[in-house]
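# A closer look at the structure
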Amino acid sequence: MADATFKVFRGDREGGDLVEYQVPIAPGMVVLDALHYIQAHAAPDLAVRWNCKAGKCGSCSAEVNGRPRLTCKTRLDALPLDEPITVQPIKAFPVLKDLVTDVSWNYRVNRKIPPFTPRPDVEWKMDQREVDRVQEFRKCIECFLCQDVCHVLRDHEKHEQFGGPRFFVRIAGLEMHPLDGLNRTELLKNELGIGLCNITKCCTEVCPEDIHITDNAIIPLKERVVDDFYDPVRWFLRKLTRRKTK
Amino acid sequence: MTEKYQTHEHDVLIIGAGGAGLRAAIEALAQGARVAVVCKSLLGKAHTVMAEGGIAAAMANVDRTDNWRAHFRDTMRGGKFLNNWRMAQIHAQEAPERVRELEQWGALFDRTADGNILQRAFGGHTFKRLCHVGDRTGLEMIRTLQDRGVNLGIDVYMECAITRLLKDGDRIAGAFGYWRENGRFIVFKAKSVVIATGGIGKAWRITSNSWEYTGDGMALAYDAGAELMDMEFVQFHPTGMVWPPGVQGILVTEAVRGEGGVLRNKDGERFMERYDPERMDLSTRDVVARAIYTEAKEGRGTEHGGAYLDISHKPAEYVKKKLPSMYHQFRELADVDITKGPMEVGPTCHYMMGGIRVDAETAQSNVPGLFAAGEAAAGLHGGNRLGGNSLSDLLVFGRRAGLSAAEHAGQVSPTAADEAEVDEATREMLAPFERSDGDSPYDLHRDLQETMQNYVGIFRSEEDLKRGLDEIQKLKQRATRVQVDGSRLFNPGWHLARDLKAMLTVSEAVALSALERRESRGAHSRIDYPDYDEHWSKLNNIISRDGEAMRLSQAPIGEVPPDLNQIIEQK
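## Here we look at the sheet that holds strand β20 (residues 549–556) of chain B
Residue and element names in this part refer to chain B. In spatial order, the strands read β15-β10-β19-β20; together these 4 strands make up an open sheet with antiparallel pairing. One side of each edge strand has no neighbouring strand; the edge strands of this open sheet are β15 (355–356) and β20. In this structure, strand β10 (residues 228–229) lies alongside β15, joined through 2 bridges in antiparallel fashion. Within β15, the residue paired with Met229 across the bridge is Gly355. Sheet strands in contact with helix α15 (residues 492–516) are β10, β19 (539–546) and β20, and its direction is about 45° off that of β20.

## Some points on the nonpolar core
All names here are of chain B. With 254 residues, the main nonpolar core has Val194 and Ala372 as its most contacted residues. Considering each element in turn, this core owes the most residues, 14 residues, to α15. When sequence neighbours within four positions are dropped, the list of residues in contact with Val194 reads Val12, Ile14, Ile15, Gly21, Ala24, Phe371, Ala372, Ala373, Ala401, Gly402 and Ala405.

## Quick look at helix α8 (residues 285–297) of chain B
All names here are of chain B. Helix length check: α8, at 13 residues, gives a terminal C-alpha distance of 18 Å against a target of 18 Å (1.5 Å per residue), a fit within 8%. Among the 13 residues of α8, 10 are classified as buried, and the element is accordingly described as predominantly covered. Turning to α8, its buried residues number three or more, namely Arg285, Asp286, Val288, Ala289, Arg290, Ala291, Ile292, Tyr293, Glu295 and Ala296. The positive-phi residue at the C-terminal boundary of α8 is Gly299, with phi of around 90°.

## Comments concerning the interface of chain A and chain B
If you look at the interface, chain A gives 46 residues, while chain B gives 49 residues. Only α1 (31–41), β6 (95–97), α2 (104–111) and α3 (128–138) of chain A provide two or more residues apiece to the side of chain A that touches chain B.

## Overview of the environment of B:Gly123
Residue and element names in this part refer to chain B. Mapping Gly123 onto the fold places it in the loop between β4 (119–120) and β5 (130–131). Remark: the alpha-carbon pair of Gly123 and Tyr178, spanning 55 residues in sequence, is separated by 41 Å. Aside from chain neighbours lying at most four places away, what touches Gly123 is Glu254, Arg257, Leu282, Ser283, Thr284, Arg285, Leu386 and Gly387.

## What to know about the packing of helix α1 (residues 19–30) of chain B against helix α4 (residues 137–152) of chain B
Residue and element names in this part refer to chain B. Direction vectors running N to C along α1 and α4 enclose 30°, while the axes themselves pass 9 Å from each other. When the interaxial angle is binned, α1 and α4 end up roughly parallel. Once α1 is placed against α4, the crossing between them reads as left-handed. Contacts from Gly19, Leu22, Arg23, Ala25, Ile26 and Leu29 in α1 reach Met141, Ile142, Leu145, Gln146, Arg148, Gly149 and Leu152 in α4. Of the residues in the contact of α1 with α4, the class split is 8 nonpolar, 3 polar and 2 charged.

How each quantity is defined
- Residues numbered from 1 in each chain as written.
- Chains lettered and ligands numbered in written order.
- Predicted model: local features only at pLDDT ≥ 70, side-chain atom pairs only at ≥ 80, totals over all residues.
- Pairing = 2+ DSSP bridges.
- Helix = DSSP H or I, 4+ residues; strand = E, 2+ residues; numbered from the N terminus.
- Contact = placed C-beta atoms within 7 Å.
- Axes fitted to C-alpha atoms, helices over the stretch in contact; angles between N-to-C directions.
- Core = buried A, V, L, I, M, F, W, Y, C linked by C-beta atoms within 7 Å.
- Buried ≥ 20, exposed ≤ 12 C-beta atoms within 10 Å, placed from the backbone.
- Expected span 1.5 Å × (residues − 1).
- Parallel < 35°, antiparallel > 145°, perpendicular 65-115°, else oblique.
- Left-handed = near helix turned anticlockwise from the far one by under 90°.
- Nonpolar A, V, L, I, M, F, W, Y, C, P; charged D, E, K, R; others polar.

If you want it as structure tokens, here you go:
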């Protein structure tokens, strides 16, 4: 069969370049197969993260021809093969080596989120319809492609003021859990800067799990923040009762 | 040796951050121990994430008559009575509480009409027993444990690989490893070490396992003097994808059959009628895998050498709801709409029943301070694991390992790592960079996979196994000369060179044990000894290290107490 030409970023924190490799095409082949071929035949030290190769773990994120993708689910027959296929690391995080980036920031943000906290004396029964709504958010495989395309992180680099779509999805899963008793709006407003999101829906478009991040997670959370902080009646009540958020 | 390294001290060091490792960490922390978890990948990416079908636990939410005795009986029968009966008992008794605990930590299972955790049918389980979340149960479990653990304050060393266990005399003193990001070395001092590194599937060419499944935990334990057990029992899951080539081996969940999917050969025949007329498509995995393999071998296979698995008679919306990731997997990777037509499936190396020999109550190995849980440990599943019993295994024995490891750490005096051992571990890791004429680790890995696939597969014979052992010896020789290019920064070739050593150790243990067991039982099928043998029904194969040589011996299986035996024989 014919070959495909790949241009893969090779480099580290100091910088790097696109390097060209020829890869023979097989039926049904995905970009991650090509990267493995390059490791085995041309560049044994090519750094790539991957685990399941089945779209379930969210490890192999990269930018293929400039588009954020899971390389295990990006088929060569869906790409134009008459020109080189470029594979670059996701841009919103610093490169460690080749296609591997430093995503540790995400793990730090995650630690700020108070965990599921059941209401006192709760009965452990739930209706499937209530659960459906939250299961959508629980599908997230933490590929961080939504973080990668979010302007607030990618272009404006507001990592210190903003949590990013991934963590709004996580919080939505907690806030809408039928048995959870905490309120996380203060965290959303102040530490995770949900107000910075201007709902361009880029995150929703790249989500490999088809989570409706903007419509089902971010917008309802924004509404909760508005209710809690900008509704004058609620604001006054909050002053009186001072709800706990952590 | 002037090479520098960091040193970290903990009471309990847990190697592996899948279901067993995280559950162990949560429990050890609850006991007040200082706990570290080390994992080769990022947190949350462990192989547990790929578990699809569910967690087996006799909750009796759907089938009211289910109970731990029935679960115990199914597990023993499925394992062809080679199981450690006490582990099977503990597992069946404790699984429901472990599932409820997950729910209390935020896991959201599918529900019954009355609001309880929904349970589905699975191969070898008499009752509807698998608590599930569509077909992504493993993701739900790992995310729940990960969030719980992080919130409680576990120290996690991500993308850090352990290459050697350190000892202080006979007991465990810690571990040596390196950071994958920068290649720097790291020494952990610990009074207890828990191995929770999963299985060995990457030694085969067709496997459902991720790159991490290289048997490193078993090999680390073996090198440190621990015994391995039941290494001949490798589960080939009956339904992996067979086409296109790049996806060969990727798992197709048993839940497809649990939800009503049927197997057919190219003539449209429901061939399971000939292999297990009673349980049909939901027979145990060993039986279904051999059936599909045999159909294909005898010329009744599909175009790409598998069988058809069809669920398209169910309503499309139902299929998408209960099997969403299967729907997407086939649509995106194989151009097949499973709501409209059949999937092509064939056996894939999936799970290791064997592993580190441990005490049923404490999960401790024969090396003081060294514990093991989950797929890395042996005993619970005997000769064949039932679907769904893996996730419950992780929870039940992960918790017990964490508990015992913390207690052990609280009782023993501080340990001291041997500097000479650290120097030796350092030399071993750096040697591949100093060679210029050796094999590439990728070539060696490919050759090992071919060897295991061809000679130590689903059906085995003395001739093949001897040939396989010869090939493994040659590969071991080549591995001593393996050469690595590039720097120490995030270098997958370097990492593979180390993983190869572990894969060769466990591959030899599998082939050696398989050659010795002259009978067919569970997942171990000898074409030259096709029947059960009474002699072997009472013995486990035990592998241990004798200098540089691998020693094989047998140990009698513990006698099942009369009350439990009565349960097994019921019905």
